[in-house]
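Summary of the model geometry
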Amino acid sequence: MRSTRRVVRLDMRHLYPQPDGTYEVRAPDYDYEALGPQHVLEPLTVSALKAYLPKRPTPAAGEHAVILGQGGRPIVSRYPNMLIRQMAATHPLLADRRPPVIADVVAHTGFFWDTPPAS
């Protein structure tokens, strides 16, 4: 669950758009409450970020989290996991999986843009 916590704690002040259309980000170091290593976001993540930012809620005063919920406040890590579990519950192979499917499982499976051909 550590990577979900890092994602919900990302700070707008640590996103660096690059001339080639990518983004560099300084991920929060969950263990030490400091900035962790710098990463280049993958193309799918950049596409999601570019689609999200224009629709991002207005932040509450002094709030800099990238992902915001209602009222412009940051979301907590259990919220993305709850959403992923609800989506997985609609699929027969994933509904009863143990351990349950959570956001970190999705993040580490390497989804692709291409839709698989119909079988």
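One structure accompanies this document, and this report is about it. (Residues numbered from 1 in each chain as written. Predicted model: local features only at pLDDT ≥ 70, side-chain atom pairs only at ≥ 80, totals over all residues. Heavy atoms only, no water.)

Of regular secondary structure, the protein possesses 5 helices and 3 strands. When the elements of the protein are put in sequence order from the N terminus, they spell out α-β-β-β-α-α-α-α. Per-residue burial for the protein yields a buried fraction of 28% across its 119 residues. In the protein, once contacts between residues fewer than 6 apart in sequence are set aside, the share between residues at least 24 apart is 35%. Accessible surface, the protein: about 8700 Å² in total, of which carbon and sulfur atoms supply 59%. (Helix = DSSP H or I, 4+ residues; strand = E, 2+ residues; numbered from the N terminus. Buried < 20%, exposed > 50% of the residue type's maximum accessible area, 1.4 Å probe, protein only. Contact = heavy atoms within 4.5 Å. Areas by Shrake-Rupley, 256 points an atom, 1.4 Å probe, with all protein chains shown as cover.)

Applying the stated criterion across every chain yields a total of 1 salt bridge. Residue Asp11 is joined to Arg13 by a salt bridge in which the shortest nitrogen-to-oxygen separation is 2.6 Å. (Salt bridge = Lys/Arg side-chain N within 4 Å of Asp/Glu carboxyl O.)

Let's shift gears to the side chain of Glu63. Within the secondary structure, Glu63 is located in the loop between helix 2 (43–52) and helix 3 (78–88). Within polar-contact distance, the side chain of Glu63 engages the backbone nitrogen of Ala65 at 3.1 Å. The contact partners of Glu63, leaving out residues within four places of it in the chain, are Leu68, Gly72 and Pro74. (Polar contact = N/O pair within 3.5 Å; in protein donor to acceptor, adjacent residues only side chain to side chain.)

The biggest cluster of nonpolar side chains holds 8 residues, and these are Leu10, Leu15, Tyr23, Val25, Leu41, Val46, Leu49 and Val66. Taken together, the elements giving at least two residues each to this core come down to strand 2 (23–29) and helix 2. (Core = buried A, V, L, I, M, F, W, Y, C linked by side-chain atoms within 4.5 Å.)

All right, on to helix 3 then. Within helix 3, the full set of buried residues consists of Pro80, Asn81, Ile84 and Ala88. Down the axis of helix 3, the smallest arc covering the buried residues is 100 degrees, so these residues share one side. (Arc of directions from axis to C-beta.)

With respect to the element layout, Glu24 can be found in strand 2. Expressed as a C-alpha distance, the spacing of Glu24 and Glu42, which sit 18 residues apart in the sequence, is 9.6 Å. With residues near it in sequence (within four places) discarded, Glu24 still touches His14, Leu15, Tyr16, Gln18, Gln38, His39 and Val40. Only 2.3 Å separates the side chain of Glu24 from the side chain of Gln38, close enough to count as a polar contact.

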